[in-house]
Structures are given as structure tokens and as C-alpha cells.
Amino acid sequence: MEYKNVLTTCPYCGAGCNFYLQVLDGELVGILPCKSHPVSQGKLCIKGWNAGEFVTSDERLTKPLIRRNGSFTEASWQEVLDTIAKKVKEYKESYGPDSISVLSSAKCTNEENYLMMKFARAVLGTNNVDHCARLCHASTVVGLVQSFGSGAMTNSIRELEDAGCILVIGSNTAEQHPLIARYILRAKEKGAKLIVVDPRAITLTQFADHYLRLRPGTDVAVFNGLMNVILGEGLEDKEFINERTEGFEELKETVKRYTPERVEEITGISKDKLIAAARAYAKAERASIIYSMGITQHTTGVDNVSSSANLAMLTGNVGKTSTGINPLRGQNNVQGACDMGALPNVYSGYQNVIDEKAREKFGNAWKVKLPEKPGLTVVEMMNEAARGNIKAMYIMGENPMISDPDISHVKEGLKNLEFLVVQDIFLTETAQLADVVLPAASYAEKEGTFTSTERLVQMVRKAIEPPGESRSDWQIICDLAKVIGSKEFEYKSPAEIMDEIASLTPSYGGISYDRLRKGGLAWPCLSKEHPGTPYLYKEKFTRANDRGKLFGIEFKEPAELPDDEYPFILSTGRIIFHFHTGTMTRKTGLLNREVATGYVEISPKDAERLALANREFVSVQTRRGQIEIKALITERVSEGVIFIPFHFAECAANVLTNPALDPVAKIPEYKVCAAKIEKIKEIPR
Amino acid sequence: MLEKVRDLAKRWLEDKEVDVIFGLKEQDGYIAPYLFTDASELGNLTISTQCRLCYTCRPSKENILSLMQRKEPNTKIGVVARGCDERALIELAKRGQIDLGKVKIMGVACTQDEAKGCKCERAYPNNLVLGERVKGVSEDENVDALLNKSLPERLTFWRHELSKCIKCYGCRNVCPMCFCKDCKMEQEIYARTGWLPPEIPMFLFIRFYHVSERCIGCGECEKACPVDIPLLTIFKLLRRDVKDLFDYEAGLDAGQESPLLTTLDEAPMKEEVTSGV
């Protein structure tokens, strides 16, 4: 008899909790928390506790599938790899390499994301590689790079506990990052002031000292209003502004126009509440800002992010412990997938593809000439597929048929492809459209690393064997590259891949498996002796002149506002009991028991006007599409606003959402679109 | 102490007193339960209060030791047990989950500091093999602070604490005594599902009462709580009530019936056993 516990990193959100997988005679029998882990400290959320169940689901893919005469049949690895290789050569020769695109995965390891972007660039010869970070924090990467120089959480999670004030905007932390909410509550117990800015009365609001309920999409006005009060009362940090920033005059001129009265008009937040919150934030010795998709998923996503950076710099709340701008990233390895360069414009470590030196460096390492033109982003890929310019797509561990905005259009794009390969652990809604399906190993069945939202690189360890003939994603990419003819994918283990990453990526320069086995390392970790960096910008920012940049940013309305025909604002998001497209959580008994299907939250007054009863089915419509869904009458949303969690395929919120993009970051506006609701007579199904 | 534990474990294995040793293993600085099948591995055997041994596995809802005994009913398992580990074993045996006849307990006492760290009332096992008995922690400032509050103040206190709950079920998941197949906490008729915070007080109170007389006071529930609800405080009070009302304490004697499973005519009721050996 063999019984062991294998320490690993949770595959759900970006908090980076660790736990042990309990293995009895090669079988996964349970999960145990790890008390010595710095973030999770022996605690987990409901998803973490149940992260073993989907792994052993009998719906797992166990054999490669190939579409013949319209339906899937099982095939050998040799056959599917040969088929893909042949197609790749065909498209490259007939239409050029940019007729192929690749979606990498924020659920896969750093090593796998690195290999996927290397495969796209060095083997396919295209920069058309992107992943779902585009849909959640593309605006963070752009916004924080232009303000600070680096697009990541500035501080570490545990530091939150010692903040004097925490401003949470657009983050339902208790539900989306429960183990981070832990540190907000601990800060509260120690006397910190909590400010929550959110259109929904989320779980955290019950503990808030200041709850500012804004009209969705008016975040820039809120930030400008807070800064107007701070400057008006002389609460800014003049020394910090002078010594470490530039652009203050521009900011001051813009912010001047956002008086509390005007901000009340735009946002609906009373001026007294705004003033009180501004004072609480500015007067705290150390103040932290936490944000998430509530501010990033807008056509003004970059503006929102840079506004948060403005506020922090104006008050000197960057570059010391328990302060900073803390974007909470939604996927276990979305930080890592970005760090690894699974993005159309950068290699690993955000080294730009248009920079000749960077191109030469990677080209030399991979012994190939690399493409110069930046590639397409997620939504652009779907558009080009629909137009017939993208002929083939290779999707690893993503499910755009649920996760992307305006699903009908996504489906049109995917169906218009001549050849679609999907590599996943389940036959997802997207995989069902594929020509070839490659069965992959789950996190419990492979080795690698994830980088959490606090830039902490941590080990993922193999506990059990993958089911059937499924293989680790890194092995599949290597196998495919070799069949196509590349000699640059000869790796014996993920540790070797990490060594290559470290050699080409300065921020990961000191990272190796020997070090990670003893605990995580936060990047930048520049050398073997470097201890890692819990918080950024202590001495200077990483922009060209070492200064942080303040921007004067005007408020802009969302792309689609309610009107007579579509009178509601529809916002979308997640709930604690499920995760993203439900591929993993909807195969978990307890989670389904908590919430079995989707619902639309509607305020009691609106429900009364529509004569709706709780749990009654309604039709929700936008200019993109229509779904039937049950109504949940709750004060959590205000009048005129409705909310739908996007996890559920049978009432998919993203049939409705607006694919309008932020002009720079190309992130879609999931958080605001115009909708109407109607009662329906027949109960669906 | 650690050397003594390793030496004794080695002797037990070599002398065939047991077939395997169930204890804690340290690897790269991390500590977790492990089944030692070979004496050569015992260099990694460690003792720590950081981790308990007998957890209920999920989703099967069976104790890890039950699963082991199901696989190999004849294997004699040596268990390196602290006081709370032993109490868990006794209580599990009492409730038909494991066969104590195939378990040999190597009882290890906790130090005074370890007892304080866990706020433990009884920091040693009955089958004490190694270490000295130290006095348990009888004073608990959290319990005293609570008892000094008025009833309305206590209500406010618990309302606040329970409102923090994010429904992870961690308190139940780590409890060695929570192995019910049809856990009431999961059922909508007892507490509304799919909502935060979970229904106050029903969601957590179901467990408080269901575990009241079987709680062994290990404090794992409190340590697993992501929002620091003082669960050990309420269980200390429940344990005190059970002791006062029935002169009964869980985990001391496998032959002693639980008072809540006893009928008034003193014929013991059978607990519904849906699993175990």
C-alpha cells in the first residue's frame, strides 16, 4: 500500500493557494490544506477544497479524436499529429504563416505557455498568439506599464493585512479571490478602513466603512473625484509627486473639473460619501488599492487602470509595503501566461517583438528567423476567422465558446475556419467544433509552475498518472513541433524548459526548480542569489526615466448605453461557487449543489414593474442575442442594472455581451451593455 | 524526541510488530501525512503539531484510515499519534469507521509550548509511549472573554463572526468526525444554498450541534477557517456542556457509548453505519 501527499498549486484563481493531493495507491482520494504556505496558511475556498473531483471525472478525454464525416472518431497520436503537421504546411505555403493563429492558456503552466509561444513564432512563423488575459487584464498590462513600467500587482497579498486603508474597486474579492479577502478582513480587525466601490452590493460591502455604489462604467469619474477632493484639501504627497513622478500639472488641470457635485451627477455617488472616502484613503499611513475586472473590462479599461495608478502616486502609496496597486488576476496562471509572452506583441518577460534586438536574441536562441509584425489579439482573431483570413486555429485549454463576448459571432468565426485543433482535458463547447481534439493532462497529472497574481512562481507537482492516452500539454507541443520538423523542442522535463526560460527572461533569471521546491519566488528574481521581490518600485519606477507617469484622464461613457428599446444596464461576472466556463466546477458535485444553473439578478423595484416573481424565467435580450434565464430578485443590484454570471452554457451571458474594445488594450466591454427583459410564458426545457 | 520516535518506528517495522508506519513526513520543508512502508524511509519521518493524521477524504467522505483498512484489512498499521490523533482514532473506532485491532498507537506527548499553541486541554495520548505528560490549557482567553459578555453582546459577536463565513466547508472538511454521507450543511432545506454569507445561524450551527458530543477538541476547524471564525471557542463550550450534562468526553475510551446515541432505557442505539470496516 502506498499513501502520499503531493504539494501543488491550486488550478482555480490567481491567489496561488497551495494544497496537498492525497494519493492512495495511485488514486486521487482527497485534498489537504497546507498550513506552512504563505498565502493559504492551511485554508482554502470551496473551489480549492473540491479541486480534485473534476480530475477524476469520467468525462475526461482519454484518446485523440478526429472528425470524420461530421462526427468524432478515436485516432492514434501518430495519425492526429501527422494530420495537423500536414495542414500546417499546407496553410503556411498557400496563405502564409499569418493564416494560422494560436490560443494559449492561462490554465496551463509557464513552461507550456512558453513552449506554445515558441511554437507559434519559431515553428508556425506567426505572432498570432494570445490567450484569455486579453479578456480580463489586458488593460492592466497596458495601463500599469504606461504608469509604472511593469504590468503586475505591485505588492504581495499578505501585506494587505497591515494596510491602514484598503480601497476595493471592481473586485468581488470575497467571491473571486476568497483567500485574498481573508487579508482584507484581517486588516479590518486591526483597524483598517475599508472602501468598496462597486455597482453591486457585493459580499465585502457589509464590512465596508465607505460603500460607494457607482453607475456601471463611471470609474474614471470616481477616481478623478477622489483626487479632486485630495488636492482641494492639500492631502497629496508633494514630496513623492516631485521626486518620483511626472505629469502632475496635466493631472491637476483635468482633475480640477471633477468636483464632488459633478461626480455625483455622473456616478450617482453622493458627494459626502465621496469626500469621506477620499479623506480615509489619503490620510492613511499606508493605503492599498485592489481592483479586478470591474474596472478592466471596459472600453475605458486602460483609462480606469491608469486612474487607479494616478490616485496611488498622488498620495505616495507606491513603493512601500502594504500599499500599491493590486490587480487581482482571475486565473491560476494568467500572470505567468503573460510573463511567458503568450501575447501577440511580446516574447517572455515583455520583450517586444518589434524590438530588433529582442527578435535577434530569441531568434538566435531558437535558431530561426522570427516574424516582425505583431500578431492578432483574441477578438481580432475571431473577426479575421469570420472574414476568412484566418484559416486554421490551434486552441490549448481555452473555451471561447463561453468566455468570449458575443458568442454567436465567435461561433461564426470558429465554424468558418478550415481547420480547428483543440487541446483540452474535456470535450468543451469549443472542442465540439474542432476537427482534431487532443486529450491533455490536468494539473494533478503533470509537473510545471504557475505564477500567481502576486508574481509568485510556484511548483505544480505530478500526483497521479494522466487518464488513458492523454499527455501533458508541454509534451503534446513538443511532439507536434518534432513531427513538423523542428529540432528545438527536445526537452526531457519541465525543469529544462524553465532553465531555457530563465536564460532568456531577465525577470525569471534566477528561477530554477531546485529553488522552487523549497517555496515560491516572486519576480523580478534576477540571479541565482536574488531572493525575489515581494513589492515593486521601492527606489524607482521601471519606466525609461525611472519616474511614474501621472495622466490627466477624462471620463468617457461606455460604448453602449441604455435607451428606450434596451433600458437596462447588463453587467456580467463570476460567483464563488463556479469558475469561468464551468468546465471544471460544473463537474463537481458540491458546487452544482450550491448553484446548478445561471440566473439574472434584478432589483425588487424593476421586478415589480415587470411583475416578476423570484425564480420566474425571463428572456434577456441585447443587440447581439437573447437567452432564457431565471430571475433572482435582490437588492444586490440597483434599479436599472441587471447582472448575470457567465459560467453557464445553457444561459450564457456572453451571447449578450458587447464585443466593443478598448482602443489600446483590445479588451471587450463585458461590464456594460444595454439590455431588455421580458417575461416568458413557457418554462424552457 | 524525534530520534526516539524514528528508532522506535524502525524497531516496530523490523520486529514485525507492525507492517507499516503512518506518520508525518517532511520533504523540502513541507510536512504532510505519509505511509512509511520501509525502514529506510524513516529519516524523513517527523513529528509536528502542524498537521493531523486522520482526515476525512472527499468526495468519498471516508477517513483515510478507513480507506487503507478497506484496501488491506490485515495490515497492521503503526500510528505515530499525538493526543488528538489518538482521540480521533478512538472516536472513529467507536463509530464503526476503523478497526482499532489492526492499529498500534505510538503515543507522543506534546510539549507545554505545543499545548499552548493549540490551546489544547489534553496534550497527551492514553497510550503514551514517548514524552512527558504536560498540563493542558484550562484557561482560554477567548472563552473567558465570551462568557464575560452579556447575551445581546454575544449575539452581536456571533452574528458578526458568522457573517464572515465564505462557505468553504473547510471546518467540516478537516474534521475527523465529519463523515456523514448526507451532510446536512449541503442541503437546501436546512440552509439556503448558493448564497453568501450562508444562512445565519443554521449553516454552521447544524455542524456545531451534530459534532457537539463527538468533538475531540483538536481545533483543526478553527485553523482551517479562512476568515478566522473562533470555532474552537464554541466547541470548547459545547464540550464543557457535554461533560457537565453527561459526564462524557469524546475520544477517551472506544468502549464508552456516546450519550447522544443512548436511549432512556439505557439500551444503546445503533448509529447508522454506511461505510467503514
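Thresholds, definitions, all that
- Residues numbered from 1 in each chain as written.
- Chains lettered and ligands numbered in written order.
- Predicted model: local features only at pLDDT ≥ 70, side-chain atom pairs only at ≥ 80, totals over all residues.
- Contact = placed C-beta atoms within 7 Å.
- Helix = DSSP H or I, 4+ residues; strand = E, 2+ residues; numbered from the N terminus.
- Nonpolar A, V, L, I, M, F, W, Y, C, P; charged D, E, K, R; others polar.
- Domains from an automatic or database assignment.
- Buried ≥ 20, exposed ≤ 12 C-beta atoms within 10 Å, placed from the backbone.

S.K.: Account for the interface of chain A and chain B, with residues named and values stated.
M.R.: If you look at the interface, chain A gives 42 residues, while chain B gives 39 residues. Put simply, the parts of the chain that give the side of chain A that touches chain B at least two residues each are β1 (3-9), β2 (18-24), β3 (27-33), α1 (46-49), α6 (173-176), α7 (178-189) and α23 (589-594) of chain A. Looking at which element gives the most residues to the side of chain A that touches chain B, the answer is α7(A), with five residues. Here the side of chain A that touches chain B is composed, by residue class, of 21 nonpolar, eight polar and 13 charged.

S.K.: With reference to specific residues and values, describe the domain arrangement of chain B.
M.R.: All names here are of chain B. Taken domain by domain, chain B consists of domain 1 (2-130) and domain 2 (141-246). Distance from the C-alpha centre of domain 1 to the C-alpha centre of domain 2: 26 Å. Contacts between domain 1 and domain 2 engage 18 residues on the former and 14 residues on the latter. When residues of the side of domain 1 that touches domain 2 are traced back to their parent elements, those giving at least two are β5 (62-63) and α3 (83-94). In terms of residues, the side of domain 1 that touches domain 2 owes the most to one element, α3, which gives five residues.

S.K.: I'd like a rundown of the domain arrangement of chain A, residues and numbers included.
M.R.: All names here are of chain A. As far as domains go, chain A holds domain 1 (85-128 + 336-347 + 357-394 + 410-511), domain 2 (138-327) and domain 3 (568-679). Using only C-alpha atoms to locate each centre, domain 2 and domain 3 end up separated by 26 Å. With 21 residues of domain 2 at the interface, the matching set in domain 3 holds 24 residues. Of all the secondary structure elements, the ones that give two or more residues to the side of domain 2 that touches domain 3 are α5 (138-147), α6, α13 (293-296) and α14 (301-314). Counting residues per element, the side of domain 2 that touches domain 3 draws most heavily on α5, at three residues. Across the side of domain 2 that touches domain 3, the residue classes break down as seven nonpolar, eleven polar and three charged.

S.K.: Could you give an account of the environment of R214(B), with specific residues and numbers?
M.R.: All names here are of chain B. Its place among the elements puts R214 in the loop between α8 (202-211) and α9 (220-224). With 23 C-beta atoms counted inside 10 Å, the residue R214 sits in the buried group. In sequence terms R214 and D228 are 14 residues apart; their C-alpha atoms lie 22 Å from each other. If we ignore the near neighbours within four places in the chain, the residues touching R214 are E91, M177, A250 and S258.

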